[in-house]
Protein chains: 2
Amino acid sequence: MSHTKKYTEVALHALKEKGYRITKPRRLVVEMLNTSDIALSAYEIRDRLEAEGEKVDKVSIYRILECLEENHLIHRVLMTGKVRKCQLEDEDHCHLNQADHCHHLLICEQCGFIEEVHCPGMNRIVQQVAEDAQFTVKSHHLEFLGLCQKCNSPHHKKTAAN
Amino acid sequence: MSHTKKYTEVALHALKEKGYRITKPRRLVVEMLNTSDIALSAYEIRDRLEAEGEKVDKVSIYRILECLEENHLIHRVLMTGKVRKCQLEDEDHCHLNQADHCHHLLICEQCGFIEEVHCPGMNRIVQQVAEDAQFTVKSHHLEFLGLCQKCNSPHHKKTAAN
DNA sequence: TTTGTACTGCAATATTATTGCAATAGTAAA
DNA sequence: TTTACTATTGCAATAATATTGCAGTACAAA
Ligand SMILES: [Mn+2]
Ligand SMILES: [Mn+2]
Ligand SMILES: [Zn+2]
Ligand SMILES: [Zn+2]
């Protein structure tokens, strides 16, 4: 849940250790995320800072978020976003007549090829997680990023996706 | 991988069964997705159709995708999109000094609260999936959507997220 | 303090998504 | 077939999100 106040310092210090500078905009963004109970978009961060009388340009916020993400200090929340890349459901394990609509995708970061897979162990994980966290799970989404068989083979040259 | 040509008809027929009309724009979008090896954005679909001499307005494409998604005929690919909602890494299982940066999130669709969880069984699933599909997994991202303990309780009134 | 440069802010532009409303075209019934 | 109903589309306007180049600023080390 809520982070300790010191966590801002821990995060900023982690950046400094890696050679980054501790700047006022970076401090403000980390503090803002540290304070918030919910995930925030770049513009939400900017607006909230502005409401506190602090002005940080949106471009800077984008660059700061990128930096924080690269250094594993923040993560993105995907399911609640709105940009969409769509694909037909897999014909084989077609969802048409199923009650559960699970989406487990293997995504090749090289050629963009996407394969839908079954994850037999997921049901158990869902139940476990729900029980541990007292959380009612309505749906889930799992994606793997990596290299498909083709792109993995050493003799395969780069593809211009599709 | 590639879908059969008839799959377009199967999908459109499934819509009709539910009372939707089979229109030319809907047919074109489904055919386009059916043809493509990779996931496409709304604008990519429009541009590709236009290159084939077919004109479908972007707004229509958005509405068609929404319809297809609601009826489980397509799914979204999330990891390759760019809209971002960000959150600080959890302080407890902090990623700072870890080699693996897993992101397993419980997201409350009511209040927006997000909890990061460990999924002990995931490693096995990753290995299994990678082996079955001959896929090199570099990272993965798992999200659960549902209700947190608070929002789940009957006496809890709706929250205006944060 | 001084100095090098990492970083920020601004301006311009690109990409992605939504809303209201009038016109169109699928569908079922006549 | 034709008619009539209305689901669906297209257009126009606007909102929301993201990226690029460059000049100026401020952080951090000497
Ligand atoms: Mn699916
Ligand atoms: Mn995480
Ligand atoms: Zn590939
Ligand atoms: Zn909640």
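Preceding this paragraph is the structure being described.
Residues numbered from 1 in each chain as written. Chains lettered and ligands numbered in written order. Predicted model: local features only at pLDDT ≥ 70, side-chain atom pairs only at ≥ 80, totals over all residues. Heavy atoms only, no water.

(A) Local environment of the overall build of chain A. Helix and strand content of chain A: six helices and six strands. In chain A, the succession of helices and strands from N to C terminus is α-α-β-α-α-β-β-β-β-α-β-α. Taking all 162 residues of chain A together, 46% fall into the buried category. Taking the intrachain contacts of chain A between residues at least 6 apart in sequence as the baseline, contacts between residues at least 24 apart amount to 51%. Accessible surface, chain A: about 9000 Å² in total, of which carbon and sulfur atoms supply 48%. (Helix = DSSP H or I, 4+ residues; strand = E, 2+ residues; numbered from the N terminus. Buried < 20%, exposed > 50% of the residue type's maximum accessible area, 1.4 Å probe, protein only. Contact = heavy atoms within 4.5 Å. Areas by Shrake-Rupley, 256 points an atom, 1.4 Å probe, with all protein chains shown as cover.)

(B) Fine view of the packing of helix H3 (residues 42-51) of chain A against helix H4 (residues 58-70) of chain A. Residues and elements named next belong to chain A. Direction vectors running N to C along H3 and H4 enclose 125 degrees, while the axes themselves pass 9 Å from each other. Here H3 is positioned oblique relative to H4, judged by the angle of their axes. Of the two possible hands of crossing, H3 and H4 adopt the one that is right-handed. In this structure, H3 contributes Ala42, Tyr43, Ile45 and Arg46 to the contact, and H4 contributes Lys58, Ile61, Tyr62 and Leu65. Classifying every residue of the contact of H3 with H4 gives six nonpolar, no polar and two charged. (Axes fitted to C-alpha atoms, helices over the stretch in contact; angles between N-to-C directions. Parallel < 35°, antiparallel > 145°, perpendicular 65-115°, else oblique. Left-handed = near helix turned anticlockwise from the far one by under 90°. Nonpolar A, V, L, I, M, F, W, Y, C, P; charged D, E, K, R; others polar.)

(C) View of the pairing of strand E3 (residues 85-88) of chain A. In this sheet, strand E1 (residues 40-41) of chain B lies alongside E3 of chain A in antiparallel orientation, the contact comprising two bridges. If you follow Lys85 of chain A over to E1 of chain B, its bridge partner there is Ser41 of chain B. Direction of pairing for E3 of chain A relative to strand E2 (residues 74-77) of chain B: antiparallel, over a ladder of four bridges. Bridged to Gln87 of chain A within E2 of chain B is His75 of chain B. (Pairing = 2+ DSSP bridges.)

(D) Region of interest: the coordination of the manganese ion (ligand 1). Distances from the manganese ion (ligand 1) to its protein donors, Glu89 of chain A (OE), His103 of chain A (ND1), Glu116 of chain A (OE) and His75 of chain B (ND1), fall at 1.9 to 2.5 Å. Of this pair, Glu89 of chain A sits in the loop between E3 and strand E4 (103-108) while His103 of chain A sits in strand E4, and the two are 14 residues apart along the sequence. As far as the burial class goes, Glu89 of chain A and His103 of chain A line up, both buried. (Donors = N, O, S within 2.8 Å, 3.2 Å for Na, K, Ca; no water.)

(E) Quick look at the interface of chain A and chain B. Taken residue by residue, the interface counts 87 residues in chain A and 87 residues in chain B. Summed over both sides, the interface between chain A and chain B buries roughly 8700 Å², with carbon and sulfur atoms accounting for 62% of that surface. The tally of links between chain A and chain B comes to four salt bridges. One salt bridge in this structure joins Glu44 of chain A and Lys85 of chain B, with 3.3 Å as the shortest N-O distance. Seen at the junction of chain A and chain B, the total is 35 residue pairs in polar contact (both at pLDDT 80 or more). In terms of residue count, the dominant contributor to the side of chain A that touches chain B is strand E6 (residues 136-147) of chain A (twelve residues). Class assignment for the residues of the side of chain A that touches chain B results in 44 nonpolar, 25 polar and 18 charged. (Buried area = accessible area lost by both parts, 1.4 Å probe. Salt bridge = Lys/Arg side-chain N within 4 Å of Asp/Glu carboxyl O. Polar contact = N/O pair within 3.5 Å; in protein donor to acceptor, adjacent residues only side chain to side chain.)

(F) Quick peek at the pattern of salt bridges. All names here are of chain B. According to the stated counting rule, one finds twelve salt bridges over all chains in the structure shown. For Glu9, the salt bridge is made with Arg27, and the minimal N-O distance between the two is 2.8 Å. Of the two residues, Glu9 is situated in helix H1 (residues 6-17) and Arg27 in helix H2 (residues 24-35); the sequence distance between them amounts to 18 residues.

(G) Representation of the protein's contact with DNA strand D in the model. Lining the immediate surroundings of DNA strand D are 24 residues, of which Ile22 of chain A together with Ser60, Arg63, Lys82 and Val83 of chain B lie closest. Considering the 4 Å shell around the protein, atoms of DNA strand D inside it are sugar or phosphate in 58% of instances. A distance of 2.9 Å is found between a base oxygen of DNA strand D and a side-chain nitrogen or oxygen belonging to Arg21 of chain A. In the environment of DNA strand D, a base nitrogen lies 3.1 Å from a nitrogen or oxygen atom belonging to the side chain of Tyr43 of chain A. Counting only elements with at least two residues in the surface near DNA strand D, the list comes to H4 of chain A together with H2 and helix H4 (58-70) of chain B. Looking at the surface near DNA strand D residue by residue, the classes come out as ten nonpolar, three polar and eleven charged. (Near = heavy atom within 4 Å.)

(H) The arrangement of the sheet that holds E1 of chain B in detail. In space, the three strands of this open sheet follow the order E1(B)-E3(A)-E2(B), with antiparallel pairing throughout. Of all strands in the sheet, those bounded by a partner on one side alone are E1 and E2 of chain B. The sheet strands contacting H2 of chain B are E3 of chain A together with E1 and E2 of chain B, and the helix crosses E3 of chain A at an angle near 85 degrees.

(I) Broad picture of the relation of the copies chain A and chain B. Mapping chain A onto chain B leaves a residual RMSD of 0.0 Å; the transformation is a rotation of 180 degrees accompanied by 0.0 Å of translation along its axis. One copy is carried onto the other by what is essentially a two-fold rotation axis. For chain A, the smallest separation between a C-alpha atom and the rotation axis is recorded for Leu142 of chain A, amounting to 2.2 Å. A high fraction, 100%, of the interface residues of chain A reappear at the interface in chain B, so the copies pair face to face through one surface. (Least-squares fit on C-alpha atoms with pLDDT ≥ 70 in both.)

That is the geometry; function is a separate question.
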